[in-house]
Amino acid sequence: MRPPSPSIPEREFLLKALEQSLRLDGRAPLQSRTPTLTFGPELGWVECALGKTRVLAYVSAKIVKPTPERPFEGTITIHSEISPMASREYEVGRPSDEEVTITRMLDKVLRRSDAVDKESLCILAGERVWALRLTIHCLADAGNMLDCACLAGVVALKHFRRPEVEVIGDEVIVHAPTERAPVPLSIHHSPFCFTFAFFAPSPSSQSVPITILDPVHLEQRLSNGSISIALNAQREICVLQKLGGVPLGAEEVVGVVQVAVGKAKEMERLVESALKEDWEGRKGGVEVR
Amino acid sequence: LRELSIGYEGLDRVDGSARFGFGWSFTGSAAALSSISGPIEVRLAAENPSQATFEVLLRPLSNVPGTESKALASTIRNLLTPSIILTQNPRTLVQLVVQALIPAEKFYSPLVASIINASTLALMNAGSIPMRGIVCAVSVGRFRSNIMPTSSLILDPSDDELSSLQGIGCFAFLFGTGQTGGSEVVWSNWQSSISFSEEELIKARDLARGGAEKVWIGMKQSVGRVG
């Protein structure tokens, strides 16, 4: 069921506050919520929380026969269906706009940007390859599920370890994790997504639209447009997506990209330290590489 | 019975949510997360003029929900319906969404028990749906025994014990008013690879009843911790 639009007092208060560069939760306009990463008992199970927005990602792998067009590459499939758990406005079976945006963006950011090296997933050319399946579950939608889902997906891929495989002639032996340490995926680069929401300026004030990073649910509903940028810490832009909304000039877009570049470096540091901390905790049990 | 881990998630956009797991360590735990929204607006097609519509959605961790999810969701719906009073809010919808937190190709008994317990906790956490009682579930396994008919039944088998079991089942009990008495079986599901007798099933059920009481006490204690 679609919820009713935000009330007029909420709308006016939010817009007036934004004109003075104040946000409802006290953040600066270009400050995002700090992500919290929780790793599960399995390798490849990650829960990412951006404030109250929470997304769970899980990676699993199995061995299949490759498609005849690409006998040397493995495959990655991404499932991201939003259930009514994220919010009661999502219905089962009918993809909402948000769901379509998230699915398409995840596809572009994680699959088409070649973040994971697909050729390294090949075991026996033309016969056996790894098929990775990344499932994204949106647990709670408090705004900006897209960034949360992309982050959870990237961290899950970095966290995942696949069983080691030995090929002798034409025979393939898969070693259990208890025999030989599982192997990490070969990842070219880690893209992170940043979403900015725009509000049309009131005619009396300055003519530049107001930009905020990482909108909350209310800000997302009242915004006049948004732009999502996916890039990695090496300053390479993977995806830049703007779906309608307030027109932006070139200087604004460049400014937004500069902000995103800075944030990407921070995010990379945060992710690396979280992954390292998790490995330290696991060393007692399973031998990992 | 493994140590129970109960948490009230406080998911933002739903009325009540809870997480339940049997055991909480790196050595395998059957855990599920459930959320309740209700009473909320219902689609015209699913509207019932005399009571609320109760909808259950079940999602496995890996892959999209398939036939087995739908079958189990319908079982859980029938299981939980006696415990909630639906006639209080006609023409509304009570929506339960359960997310399995461990990767499993099939929904095996300890996971089903976790799902039922998590759903009950979410209903309690929401507080907006009147309930008649609390449904607690626990799984029982039967060890391989080649000698005696007095086979060893084990309560809440863990993942490493699962491979040496000949039969496994899940029992759900409805605890009504009263301190410890008054629990009736709402649902049971017993699968065995060899034949079994009715008295063995009754023994398993009694063992499960004891386990379910412990789960019930655990739930009561967790509510005390929340405040």
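Residues numbered from 1 in each chain as written. Chains lettered and ligands numbered in written order. Predicted model: local features only at pLDDT ≥ 70, side-chain atom pairs only at ≥ 80, totals over all residues. Heavy atoms only, no water.

**Q** Any chance you could explain the packing of aromatic side chains here in plain terms?
**A** We describe a pair of aromatic rings using the distance from one ring centre to the other and the angle between the two ring planes. Residue and element names in this part refer to chain B. Evaluated as defined, the whole model comprises two aromatic pairs over all chains. Considering the side-chain rings of Phe175 and Trp216, the 5.0 Å spacing of their centres and the 10 degrees angle between planes classify their relative orientation as stacked. Linking Phe175 in strand S8 (residues 165-175) with Trp216 in helix H4 (residues 198-226), this pair joins segments that are 41 residues apart in sequence. The ring centre of Trp216 lies 4.9 Å from the NZ or CZ of Lys220, which sits over that ring. (Phe/Tyr/Trp six-rings, centres within 6.5 Å; stacked < 30°, edge-to-face > 60°. Helix = DSSP H or I, 4+ residues; strand = E, 2+ residues; numbered from the N terminus. Lys NZ or Arg CZ within 6 Å of the ring centre and 35° of its normal.)

**Q** Hey, could you run me through helix H1 (residues 67-80) of chain B in this one?
**A** Residues three or four positions apart in an α-helix share a direction because the helix packs 3.6 residues into each turn. All names here are of chain B. Over its 14 residues, H1 extends 20 Å from the first C-alpha to the last, a length consistent with the 20 Å expected when each residue adds 1.5 Å. Restricting attention to buried positions, one finds in H1 the residues Ser69, Leu72, Ala73, Ile76, Leu79 and Leu80. Along the axis of H1, the buried positions cluster into a sector of 120 degrees, meaning they face one direction only. The exposed set on the far side of H1, more than 90 degrees from its buried face, consists of Thr67, Lys70 and Asn78. (Expected span 1.5 Å × (residues − 1). Buried < 20%, exposed > 50% of the residue type's maximum accessible area, 1.4 Å probe, protein only. Arc of directions from axis to C-beta.)

**Q** I would appreciate a short explanation of the pairing of strand S1 (residues 35-39) of chain A in the present structure.
**A** Note on strand geometry: in a regular strand, side chains alternate between the two faces of the sheet. All names here are of chain A. Here S1 shows a buried face lined by Pro35, Leu37 and Phe39 and an unburied face lined by Thr36 and Thr38. As paired strands, S1 and strand S2 (residues 45-50) are joined by five bridges and run antiparallel to one another. Note that in S2 the partner of Thr36 across the bridge is Ala49. Counted between consecutive antiparallel strands, the loop separating S1 from S2 contains five residues, among which Gly44 sits at a positive phi close to 105 degrees. (Pairing = 2+ DSSP bridges.)

**Q** Looking at this structure, how should I read the interface of chain A and chain B?
**A** In many analyses, interface size is given as the accessible surface area lost on bringing the parts together. The interface of chain A with chain B comprises 29 residues on the first partner and 31 residues on the second. Here chain A packs against chain B, burying approximately 2,700 Å² in sum over the two surfaces, 57% of which is carbon and sulfur. For the pair chain A and chain B, the interface holds six salt bridges. The closest approach of N and O atoms between Glu89 of chain A and Arg13 of chain B, which form a salt bridge, is 3.3 Å. Linking chain A to chain B there are 14 residue pairs in polar contact (both at pLDDT 80 or more). Taken together, the elements giving at least two residues each to the side of chain A that touches chain B come down to S2, strand S3 (53-64), strand S4 (75-81) and strand S6 (128-140) of chain A. It is S6 of chain A that provides the largest number of residues to the side of chain A that touches chain B, a total of five residues. Residues of the side of chain A that touches chain B, tallied by class, amount to twelve nonpolar, seven polar and ten charged. (Contact = heavy atoms within 4.5 Å. Buried area = accessible area lost by both parts, 1.4 Å probe. Salt bridge = Lys/Arg side-chain N within 4 Å of Asp/Glu carboxyl O. Polar contact = N/O pair within 3.5 Å; in protein donor to acceptor, adjacent residues only side chain to side chain. Nonpolar A, V, L, I, M, F, W, Y, C, P; charged D, E, K, R; others polar.)

Geometric descriptors of this kind do not, in isolation, establish any biological role.
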